[in-house]
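# Summary of the model geometry
The primary structure of each chain is shown beneath.
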Amino acid sequence: MINFDYIRPSTQKAALDSITKDVNAKFIAGGTNLVDLMKHGVETPQKVIDINKLPLRNIDERKTGVIRIGALALNSEVAESELIQNKLPLLSQALEAGASPQLRNMATIGGNILQRTRCPYFYDTTMPCNKRKPGTGCSALNGFNRMHAIFGATDQCIAVHPSDMSVALTALDAFVVIAGPKGERKLAFKDFHRLPGATPHIETNLQRNEIITAVEVPDQSSFANKSLYEKIRDRASYAFALVSVAVAVEMNGSSIKNIKLAMGGVAHKPWRLTETENFLRGKQASDSVFEQAATIAMKGAKGYGYNNFKLKLAPNTLVDALKKATGKVG
Ligand code: SF4
């Protein structure tokens with residue numbers, strides 16, 4: 001590991017001033033991803049700015065019904081919060097599925113959003129990787145790509161985003177609250193992460209001199225009773241998703257009044273299924289409708305060899321999650 005300077009500012013302004021002044025600085029909070037990346041030599045910051053003293057840990061509900069979660073709230077605090085379990089059970093389930101209790105006790109909400117892909121070639125500094133070193137090529141394209149994307153990839157990068165929480169927040173129409181030198185702005189979660197295109201090293205629309213301060217989730221009370229995070233992984237004890245589905249549904253008898261859907265483990269960003277949602281709205285919950293929905297969801301999917309199994313696993317997981325969430329099966 002390289003040598004680096006360490007500072008611990010106590011105000012947001014001081015943290016932003018430090019990152020603005022130093023292009024080789026990085027924020028650290030829980031450190032559960034950054035420290036790994038530094039050990040592998042993938043990240044080599046000359047200065048580490050510890051933001052744990054900033055007052056960004058509250059979880060509360062606004063008068064408008066919006067739930068605001070501070071960026072430094074721990075994954076475990078959010079998953080176990082009574083407010084989140086009652087009002088946003090989908091988020092709580094996704095967090096519980098996302099990592100071991102030890103990691104959840106260290107990792108923050110902001111860090112979870114910003115965690116980087118677990119593509120093994122990204123961590124292996126002896127291998128070409130456009131994300132780590134632009135222009136060197138993508139080792140996964142013709143390599144061992146079992147965990148990789150089936151949607152939205154390019155020959156520049158076929159990595160997937162690893163966060164379960166971000167899949168749930170994308171489905172729930174959440175916003176990322178961002179502070180920077182020009183003040184505060186909010187970005188819809190679905191617009192926060194980027195597809196790889198020709199610049200896979202640029203993973204989000206966060207500027208380097210900005211900081212995530214919170215996540216805001218609009219009132220989702222009509223969806224609270226019927227929501228599900230279904231994650232398929234190689235082993236039950238904490239592994240990244242091969243495929244996951246976040247579903248929140250509002251029923252009117254046996255018909256679907258409203259629905260929110262997103263997939264994980266399939267793209268460089270959480271994959272919102274807007275066309276599938278539009279198809280399902282107003283339909284009776286049935287096996288045949290869910291099969292049709294899965295066909296719509298899989299439009300444009302492409303396998304790269306070792307991950308071809310996801311072309312079947314993804315629609316099957318979607319159908320299963322729809323059945324469970326709507327109560328079509330137990
Ligand atoms: Fe690098 Fe992306 Fe290719 Fe993995 S998939 S080797 S992260 S460019």
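Residues numbered from 1 in each chain as written. Predicted model: local features only at pLDDT ≥ 70, side-chain atom pairs only at ≥ 80, totals over all residues. Heavy atoms only, no water.

## Focus on the environment of Asn252
For Asn252, the position within the fold is in strand 10 (residues 243-252). A residue is classified by how much of its surface remains accessible, and Asn252, at 53% relative accessible area, is exposed. Remark: the alpha-carbon pair of Asn252 and Arg185, spanning 67 residues in sequence, is separated by 36 Å. (Helix = DSSP H or I, 4+ residues; strand = E, 2+ residues; numbered from the N terminus. Buried < 20%, exposed > 50% of the residue type's maximum accessible area, 1.4 Å probe, protein only.)

## Digging into empty space enclosed by the protein
Overall, the coordinates contain 4 cavities of 30 Å³ or more when judged by the stated rule. In this structure, the largest cavity spans a volume of roughly 80 Å³. Forming the walls of the largest cavity are 15 residues, and the residues nearest its centre are Cys119, Cys129, Cys138, Cys157 and Ala159. Residue composition of the lining of the largest cavity, by class: 9 nonpolar, 5 polar and 1 charged. (1 Å grid on protein atoms, 1.4 Å probe; cavity = no way out; pocket = protein on both sides within 12 Å on 5 of 7 lines; lining within 4 Å. Points joined across faces, edges and corners; volume = space filled by probe spheres on them. Nonpolar A, V, L, I, M, F, W, Y, C, P; charged D, E, K, R; others polar.)

## Some points on a nonpolar patch on the surface
A cluster of nonpolar side chains, Ile2, Phe4 and Tyr6, forms an exposed patch at the surface whose accessible area comes to about 270 Å². The residue Tyr6 is located in strand 1 (residues 5-7) in this model. Taking the relative accessible area as the measure of exposure, Tyr6 reaches 48% and is therefore partly exposed. (Patch = residues over 30% accessible without salt bridge, like charges linked within 9 Å, V, L, I, M, F, W, Y side chains within 5 Å. Areas by Shrake-Rupley, 256 points an atom, 1.4 Å probe, with all protein chains shown as cover. Salt bridge = Lys/Arg side-chain N within 4 Å of Asp/Glu carboxyl O.)

## Overview of the domain arrangement of the protein chain
Along its sequence, the protein chain is carved into domain 1 (5-53) and domain 2 (222-326). Measuring from the centre of the C-alpha atoms in domain 1 to the corresponding centre in domain 2 gives 36 Å. (Domains from an automatic or database assignment.)

## Notes on the sheet that holds strand 1
Spatially, the 3 strands line up as an open sheet ordered 1-3-2, and their pairing is parallel. Across the chains shown, the open sheet's two edge strands, defined by having one partner strand only, are strand 1 and strand 2 (25-28). Ignoring strand direction, the axes of neighbouring strands in this sheet form an average angle of 25°. The pairing of strand 2 with strand 3 (residues 47-50) spans 4 bridges and is classified as parallel. Across the sheet, Ala25 pairs through a bridge with Lys47, a residue of strand 3. Contacting strand 1, strand 2 and strand 3, helix 1 (residues 12-21) runs over the sheet at an angle of about 150° to strand 2. (Pairing = 2+ DSSP bridges. Axes fitted to C-alpha atoms, helices over the stretch in contact; angles between N-to-C directions. Contact = heavy atoms within 4.5 Å.)

## Quick word on helix 12 (residues 287-297)
Of all the positions in helix 12, only Val289, Phe290, Ala293, Ala294, Ile296 and Ala297 are classed as buried. Down the axis, helix 12 shows its buried residues gathered within 155° of arc, on one side only. Close packing links the buried residues of helix 12 with strand 11 (255-264), helix 11 (274-280) and helix 13 (310-326). (Arc of directions from axis to C-beta.)

## A few points about the site of the ligand
Near the ligand there are 14 residues, and of these Cys119, Cys129, Cys138, Cys157 and Ile158 occur at the shortest range. Taking a 2 Å distance to the grid points as the criterion, the majority of the atoms of the ligand fall inside the largest cavity. Its residues assigned to classes, the shell around the ligand shows 9 nonpolar, 4 polar and 1 charged. (Near = heavy atom within 4 Å. Sits in = over half its atoms within 2 Å of the grid points.)

## Section: unusual backbone geometry
Positioned with a positive phi, Asp173 is a non-glycine residue whose angle comes to about 60°. Tracing the backbone shows Asp173 in the loop between helix 9 (164-171) and strand 6 (175-180). With relative accessibility at 28%, the residue Asp173 sits in the partly exposed group.

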